[in-house]
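# Geometric and topological summary
One letter stands for each residue in the lines below.
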Amino acid sequence: MGALLTRLSGKIRAWYQTMSIQLVLSLSFTAVAVAGMLILGVSLSVHFANTADDLMQESSQRVLDQVNWNLDSYLRSIMRISDTLYYRVVKDADPTKASVAQGMELLYEENRDSVVSIAVFDRQGGLVAAAPAATLKGSAFPSQHDWFRMAMEKMENFHFSGPHVQRLFEDPDYRYRWVVSLSRHVQLTRNGVTEPGVLLVDMSFAGIAQVCRDTELTNGGYVYLIDSSGELIYHPRQQMIYAGLDTENNRAAARYSDGTHRERFQGEDRQVTVKTVGYTGWKLVGVVPREAMTTDTRQMLLFGLALILFSAFLLAFLNFRISAHISDPIRRLEQSIKELEAGRENVDIEEGGCYEIRHLSHSIRSMVSTLHHLMEDIIEQERQKRSTELEVLQSQINPHFLYNTLDSVIWMTEAGRYDEAIQMVTSLARLFRIALSKGKRIIPLKDELEHARHYMTIQQIRFKNKFTSQITLDPSAEGLYCLKLTVQPILENAIYHGMAAAEDDGLITVHAAREGDDLVITVTDNGLGMRPEVAAALLDENRPDVRTSGSGIGVRNVHRRIQINFGSQYGLTFFSEPDEGTRVVIRLPALDEAAAAQLQREDTP
Amino acid sequence: MKETRTAMIQRGILAVLGAALLLTLVLPQLPRREKKAAPLPISVLMRESDTTAWSSARLGMEEAAGALGVELRFLTPTTANNGAEQNQLARREAENGAKALVIIPAEPESLGREMAGWGSHCPVVSVESALEGSVLSVTPDNAQVGRAAAEELLADWTGGAVLLLETGGRGSGVSQRLEAARVRLSQAGVPCIQRRADAARLNESLSGLLRETEARWVMTFGPLATAQAAAGKETSGWTQPLYGAGVTMRVATALERGTVTAAVAWSDYAAGYLAVQGAAQAARGQEPAKEAVPFLVVRGDEIYAPENEKLLFPVTY
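Think of each chain on its own: its residues are numbered from 1, step by step along the sequence as written. Both sets of labels track the order of writing: A upward for chains, 1 upward for ligands. Given that the model is predicted, a residue must reach a pLDDT of at least 70 before its local features are reported, and side-chain atom pairs must reach 80 or more before they are shown or counted; all residues, however, enter totals for whole chains, interfaces and linings.

### Examining the packing of helix H3 (residues 55–68) of chain B against helix H11 (residues 268–283) of chain B
Residues and elements named next belong to chain B. Inclusion rule: Comment: axis = line fitted to C-alpha atoms, over the contacting stretch for helices; angle = value between 0 and 180 degrees taken between N-to-C directions. Only runs of H or I of at least four residues qualify as helices and only runs of E of at least two qualify as strands under DSSP, and these elements are numbered from the N terminus. In what follows, roughly perpendicular refers to angles from 65 to 115 degrees, roughly parallel to angles under 35, roughly antiparallel to angles over 145, and oblique to any angle outside these ranges. By the definition used in this description, the sense in which the near helix is turned from the far one sets the handedness, with an anticlockwise turn below a right angle giving left-handed and a clockwise turn giving right-handed. Residue pairs qualify as contacts under a 7 Å threshold applied to their C-beta atoms, which are placed from the backbone. The classification used treats Ala, Val, Leu, Ile, Met, Phe, Trp, Tyr, Cys and Pro as nonpolar, Asp, Glu, Lys and Arg as charged, and all other residues, Gly among them, as polar.
Running from N to C, H3 and H11 point in directions that differ by 40°, and their axes come no closer than 6 Å. Comparing the axis directions of H3 and H11 gives the class oblique. Of the two elements, H3 crosses H11, and the hand of that crossing is right-handed. Between H3, through Ser-56, Ala-57, Arg-58, Leu-59, Gly-60, Met-61, Glu-63, Ala-64, Ala-65 and Leu-68, and H11, the contact on the second element is made entirely by Asp-268, Tyr-269, Ala-270, Ala-271, Gly-272, Tyr-273, Ala-275, Val-276, Gln-277 and Ala-280. When the residues that make up the contact of H3 with H11 are grouped by side-chain class, the tally is 13 nonpolar, four polar and three charged.

This is the structure in structure tokens:
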């Protein structure tokens, strides 16, 4: 059992861990609500069943009280007939006289609905008078009947017999009527002699049935009437019972005390309410089949269950909506985080829901924003670091060049070649002025070309005019700007690699032109050239930086700088064949003055 | 994925709760939706034009009709025990839409043959006599009734012939009772004289038969025959002991007066009730319970015994 519980608890825990917060919330709320309603429903049902039972008992009791009252009134009316017959007709009158017979006929006619016959018998059971006028059957011996004996034995009382067929008088229509006999002891005066006798009133079943017939108890219940021995006086299915087609538990009911009882009769549970009819000893019995009660209770329980289910349905629906409302922001936040994890940029983190979730969303949003800024800072720092590094590398050119130029100036001065020395120093000064350009990164294209021209002037003097140079600017490129110091390293490379073997026939050309949105500067020499793979390797980032004069480091720096500043679609392209010369294409964005100014502003911290 | 699963679980829970709710709402309405069945038309064909002898049976039939939702139509022939007319009536009722017939056959054999030729299937319940082709015969065991009556006579028999009055058609319950009684009496060595007679006219014809046969004992086997024989005895003054079968109010009076010595009695009320009940069950496609009606033999001084009272005298208001 313990192991089973542990396993079950483990499964629930595992399931719980895979469930969404919405499912946990909705299921928990629903389970608690349904459990609460079930408890409430069961307690209400029990309470209802008990109350219904009590109401049923009270209802049966009330109905029986009413029937009892009606029956009592009816029996009293019969007793009044007996009293009237005795005190107004028979007593102190000679019953053999016509006036008595007349009085009896009159009384009978007045009450024929409830009375079958009225008769007076002498002490031997001989018929003294009767109404309606009839003769005693030859087989009838009234003195042998219980009603006669009781009246003679207990003179002060009325006596009600059990139900029986009236068999005293001849009936020309061969009718046999079921009656209840009311008998009493009377004093008869005949021929001046007073003697005891018995006055008999035979009540018809019709009167009794009328009192009981229209009485209905709840749930198909009914009322029947028995005498003290349990003999049926009235039953709604009396003839059926007499014919053996139906049965009743009347003998047992005769033993019940007044009140409500439960009995099981012929496989049926019944609620039986008993009420004794005062002086007669008769009992009114109300029977309500419990099956019918149960049917009603079942209907009510079903209705109650429907209410509970409706409430559960409504609560479940509301729970699902509320839990969705609570958990949706969490779910959306989770989705946003998943997108962030997947590397998507510009993820919109919604700040919705209740306070805690909004706070959490806000924190995550702030964190992501901070992260983005930090990343941008890092990238910018990296870019600047790289740029600085390249600037440093670029500045590495200057000492060699300066040393060589100044050495040439010294040599020319010593040789008395003052004009050339002055020209060289002038170009050098101009070169440096443009190179500095007040610290700007982007300079006018014409300055860049002028810078190249001064550089070539210096180098031509140094290399004793072994080569010549032509620098041209296409009108389409006039007014454009470019990255500073992009042409000079290419020229340096052309001089040291291409012009090494030149004998006054070297030619280096620089041509700048606009191609769409690009500025293309082409540097061409007719020097030694190189194999295409060597030309391609010049820009190889993995190639070690061996610092030699015109080793190509400057060329690679130019390529890196262009790509760092403008993107990978820009940079250098080498076209070279051995003994054919080399052509280097510098591709830059075509920057006008405004674009250059914008870039310059971005550089300003 | 998880969202879909959650939504599916929630929809499942709502669907289950909704279905249960609908079920609990619909279930209590089902009994109320049962349409109140239209009254079941059942025709009752008597075998005698004077039906006073069958008043108790009729009470039972009407009680059953009220309880079982049956509409009864009582039909009597123009003359008593007119088998041909009854056969025609039965065929007409069967063809005119009666859902079942309750018949007290005048001539069971010919009616059985007639029923075999009916085009429509109409369940028939017979009363008093067994009937071939009927779904139920509500009758006491007629042979036992005849034997019981014979035994009662044998108990009193002191010698002389017994006149057995055959008042029923061929194969009827009356004939079966007579035959059983005759066999029993013959076994006991009692001489029997059998005569066919019209039950309704026995009050007039019986004295002549007695003179003709010089019988010292008389037996009748139907309620009307017994009542008419008793009436004849009271008016004509013949003194032969009379034994009968079937107790009507007139027979009860005759028993009380000693005109009828003994009679075999059963509850006509119960027979009538069971007949209509069986017919209604058969019309509704149910199998009616088959059980012989119990009977007893009563003599004049026993009729007011409490249980006999209940059996013999119906409660009327």
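### Here we look at the nonpolar core
In globular proteins that are soluble, nonpolar side chains generally tend to be buried together. Filter applied, for reference: Remark: nonpolar core denotes a set of buried Ala, Val, Leu, Ile, Met, Phe, Trp, Tyr and Cys residues whose joining runs through C-beta atoms within 7 Å. With C-beta atoms placed from the backbone, a residue counts as buried when 20 or more other C-beta atoms lie within 10 Å of its own, as exposed when 12 or fewer do, and as partly exposed for counts between those limits.
In terms of nonpolar packing, the biggest core is built from 159 residues, with Ile-118 of chain A together with Ile-42, Met-219, Ala-263 and Val-276 of chain B touching the most fellow members. Leaving out residues up to four positions away in the same chain, Val-276 of chain B has contacts with Ile-42, Met-61, Ala-64, Ala-65, Val-70, Leu-72 and Val-102 of chain B. Among the nonpolar cores identified, the runner-up in size contains 44 residues, and Ile-458, Cys-482, Ala-494 and Val-510 of chain A belong to it.

### Some remarks on the interface of chain B and chain A
Opposite the 33 residues of chain B that make contact, chain A presents 37 residues. Per-element tally for the side of chain B that touches chain A: the top contributor is helix H1 (residues 2–26) of chain B, with 13 residues. Here the side of chain B that touches chain A is composed, by residue class, of 19 nonpolar, seven polar and seven charged.

### Some details on the pairing of strand E9 (residues 268–277) of chain A
All names here are of chain A. Threshold: Here a strand pair is declared whenever DSSP counts at least two bridges between the two strands.
Taking burial as the measure, the 10 residues of E9 include seven buried ones, the bulk of the element. Two elements, strand E8 (residues 259–265) and E9, share seven bridges in a ladder whose sense is antiparallel. Bridging from a neighbouring strand, Phe-265 pairs with Glu-268 of E9. Linking E8 to E9, which pair antiparallel, is a turn of two residues; within it Gln-266 sits at a positive phi near 50°. Bridge analysis of E9 against strand E10 (residues 282–289) gives eight bridges, and the strand direction is antiparallel. Residue pairing in the sheet places Thr-273 in a bridge with Gly-286 of E10. In sequence, E9 turns back onto E10 through a hairpin of four residues, with Gly-281 there showing a positive phi of about 80°.

### Observations concerning the pairing of strand E9 (residues 242–245) of chain B
Residue and element names in this part refer to chain B. Just so we agree on the cut-off: Look down the strands so they point away from you; if the path from the first strand over the helix to the second goes clockwise, the crossover is right-handed.
Here E9 shows two buried faces, one formed by Leu-242 and Gly-244 and the other by Tyr-243 and Ala-245. Examined bridge by bridge, strand E8 (residues 217–219) and E9 share two bridges and lie parallel to one another. In the strand pairing of E9, Val-218 is matched with Leu-242. Handedness of the β-α-β unit built from E8, helix H9 (residues 223–236) and E9 comes out right-handed. In this sheet, strand E10 (residues 262–266) lies alongside E9 in parallel orientation, the contact comprising three bridges. Each bridged residue has a counterpart across the sheet, and for Ala-245 the counterpart in E10 is Val-264. Taken together, E9, helix H10 (residues 249–257) and E10 constitute a β-α-β crossover, and its handedness is right-handed.

### Digging into unusual backbone geometry
Residue and element names in this part refer to chain A. A cis amide bond, omega 0°, links Ala-131 with the succeeding residue Pro-132. With respect to the helices, strands and loops of the structure, Pro-132 is situated in the loop between strand E2 (127–131) and helix H4 (146–153). One non-glycine residue with positive phi stands out, namely Leu-485, at about 60°. Take Leu-485: it is sitting in the loop between strand E13 (481–483) and helix H12 (488–498). Despite not being glycine, Asp-579 shows a phi value in the positive range, around 65°. Along the chain, Asp-579 turns up in the loop between strand E16 (571–577) and strand E17 (581–589). What makes Asp-579 exposed here is the crowd of 10 C-beta atoms within 10 Å.

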